[in-house]
Amino acid sequence: MSDFDIRVTGSAGRITLTREKALNALSYDMCMAIDAALKDWATNDAVKIVVIDASGEKAFCAGGDIAELYATGTKGDYGYGRTFWRDEYRLNARIFEYPKPVVSFLQGFTMGGGVGIGCHGTHRIVCESSQISMPETGIGLIPDVGGTLILALAPGRLGEYLGLTAGRMKAADAIYAGFADHYIPQEKWPGLITALEQDGNPDILANAAGAAPDGTLEAMQGDIDRLFAGETLNDILTVLEQDGSEFAATAQKPLMRNSPLSMAATVEILHRLRGATLTIRKALDLEYRFTYRSMEKGDFLEGIRAQIIDKDRQPKWQYADRSVPAVAVSQMLMPLGADALTFEEE
């Protein structure tokens, strides 16, 4: 059984992730096949629209396939990971900048690498089972695959909150935070996909959309803005500690679990993006600076060991006291020179 099904049906370029048992986790081969198809369809006049969906009820895509990254990285081979991230990020940019409508149907878990495939298109559809998150700081990474762009554009300090806590968003919250566009019950999806294949017109999606069940983020916005406005991770942790509210205590818990270096770099990236002309390429460039160094100098391999391999949930992070020096963040985000991410075809 293939991990994906790529074809043209009527007016639509169709991509279906079919790696159901692995929650449709993205392998390198899947990324490259999707990228090749999108490149081909961009200049194919018969393809008016791209529709991306996934098989199974549990997940659209629960992230990247990190087993191979861990296997190579623990042997001191950082090249595989760097190539994976480089080519995956180019795919993320291609989807964001695509000249035709890109529709994604995001049931169940859409996490990490799944956000990179599913949340950069023009029409992002969520349903009653959707749960979207960027959980990377829990494994020693940063919210990547262009996720920092969406987080930087989210209302107020929501980006810091979601990036540091790795909070999961149901449909209404995903729409509010800018990760999705329309709430449509899943039972309507097959009929809509058939119609999109027939005429390639995405306008039917807005007509089919309705109000999602109430979310929680909008009501929390005031607390989030008050508590996550610090210039650095250390500032945010200090405010949370001193606040004394139940909200602060709850928000603080994941920040005591996740990688301090990753969280500190996440805050810095979001602040840099907001202070610049916001583009997907700018976000991906900053993300790649971190991920390029994440195995050799960051907490990524230790995070994977603790969460996925040994499952002891006891990662031995750098800066375990949560006091991350500014120089450590700067070193992870320094320009890569000749190794910098590029978007030209090679």
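As a reminder, the structure under discussion sits directly above these lines.
Here is what the cut-offs are and how they apply
Residues numbered from 1 in each chain as written. Predicted model: local features only at pLDDT ≥ 70, side-chain atom pairs only at ≥ 80, totals over all residues. Heavy atoms only, no water. Helix = DSSP H or I, 4+ residues; strand = E, 2+ residues; numbered from the N terminus. Buried < 20%, exposed > 50% of the residue type's maximum accessible area, 1.4 Å probe, protein only. Contact = heavy atoms within 4.5 Å. Pairing = 2+ DSSP bridges. Polar contact = N/O pair within 3.5 Å; in protein donor to acceptor, adjacent residues only side chain to side chain. Salt bridge = Lys/Arg side-chain N within 4 Å of Asp/Glu carboxyl O. Phe/Tyr/Trp six-rings, centres within 6.5 Å; stacked < 30°, edge-to-face > 60°. Lys NZ or Arg CZ within 6 Å of the ring centre and 35° of its normal. Patch = residues over 30% accessible without salt bridge, like charges linked within 9 Å, V, L, I, M, F, W, Y side chains within 5 Å. Areas by Shrake-Rupley, 256 points an atom, 1.4 Å probe, with all protein chains shown as cover. Lys, Arg positive; Asp, Glu negative; His and termini not counted. Charge placed at Lys NZ, Arg CZ, Asp CG, Glu CD. Axes fitted to C-alpha atoms, helices over the stretch in contact; angles between N-to-C directions. Left-handed = near helix turned anticlockwise from the far one by under 90°. Nonpolar A, V, L, I, M, F, W, Y, C, P; charged D, E, K, R; others polar.

A.B. asks: Which parts of the structure should I look at to understand the environment of methionine 111?
C.D. replies: Residue position: methionine 111 is located in strand E6 (residues 109-111). Using a relative accessible area of 14% as the deciding quantity, one classes methionine 111 as buried. Taking C-alpha positions, methionine 111 is 9.0 Å from glutamate 136, a pair spaced 25 residues apart along the chain. Look past the residues within four positions of methionine 111 in its chain and what remains in contact with it is Cys61, Ala62, Gly63, Ser133, Pro135 and Arg168.

A.B. asks: Please clarify how the pairing of strand E1 (residues 4-9) should be interpreted in this entry.
C.D. replies: In summary, the side chains of a regular strand alternate between the two faces of the sheet. Bridge count between E1 and strand E2 (residues 12-17): 6 bridges; the pairing is antiparallel. The residue of E2 that forms the bridge with threonine 9 is alanine 12.

A.B. asks: What exactly am I supposed to notice about the side chain of arginine 305 here?
C.D. replies: Mapping arginine 305 onto the fold places it in helix H15 (residues 300-309). The exposure class assigned to arginine 305 is buried, which follows from its relative accessible area of 15%. A polar contact of 3.4 Å, which involves the side chain of arginine 305, links it to the backbone oxygen of glutamine 314. Look past the residues within four positions of arginine 305 in its chain and what remains in contact with it is Tyr70, Asp310, Lys311, Asp312, Gln314 and Pro315.

A.B. asks: Would you mind going over the pattern of salt bridges with me for this structure?
C.D. replies: Oppositely charged side chains are able to pair whenever their charged atoms sit close together. Throughout the structure, instances matching the rule amount to 20 salt bridges. Aspartate 310 is the partner of arginine 305 in a salt bridge, and the nearest nitrogen-oxygen pair spans 2.9 Å.

A.B. asks: Help me understand the packing of aromatic side chains in this model?
C.D. replies: Two descriptors summarise a pair of aromatic rings, namely the distance from one centre to the other and the angle between the planes of the rings. In total, this model carries 9 aromatic pairs according to the counting rule given. Aromatic pair tyrosine 161 and phenylalanine 247: ring centres 6.1 Å apart, planes at 20 degrees, arrangement stacked. A residue pair is termed long-range when its members are at least 10 positions apart, and tyrosine 161 in helix H6 (residues 158-165) and phenylalanine 247 in helix H12 (residues 246-255) qualify at 86 residues. Accessibility expressed as a relative area gives 13% for tyrosine 161, which makes it buried. Put simply, the rings of Tyr28, Tyr80 and Phe84 pair up and form one aromatic cluster. Stacked on the ring of tyrosine 292, the Lys or Arg arginine 82 has its end atom at 3.8 Å from the ring centre.

A.B. asks: What is the right way to read a negative patch on the surface from this model?
C.D. replies: A contiguous patch of negative charge, built from Glu20, Glu57, Glu128 and Glu187, is present on the exposed surface. Tracing the backbone shows glutamate 128 in the loop between strand E7 (123-126) and strand E8 (131-133). Classification of glutamate 128 as partly exposed rests on a relative accessible area of 47%.

A.B. asks: Whenever I open this one, the packing of helix H1 (residues 28-42) against helix H3 (residues 79-96) confuses me. Can you help?
C.D. replies: The axes of two packed helices give the description: the angle between them and the distance between them. Running from N to C, H1 and H3 point in directions that differ by 30 degrees, and their axes come no closer than 10 Å. For the pair H1 and H3, the sense of crossing is left-handed. Along its contact with H1, which presents Tyr28, Cys31, Met32, Ile34, Asp35, Leu38 and Lys39, the element H3 presents Tyr80, Thr83, Phe84, Asp87, Glu88, Leu91, Arg94 and Ile95. Here the contact of H1 with H3 is composed, by residue class, of 9 nonpolar, 1 polar and 5 charged.

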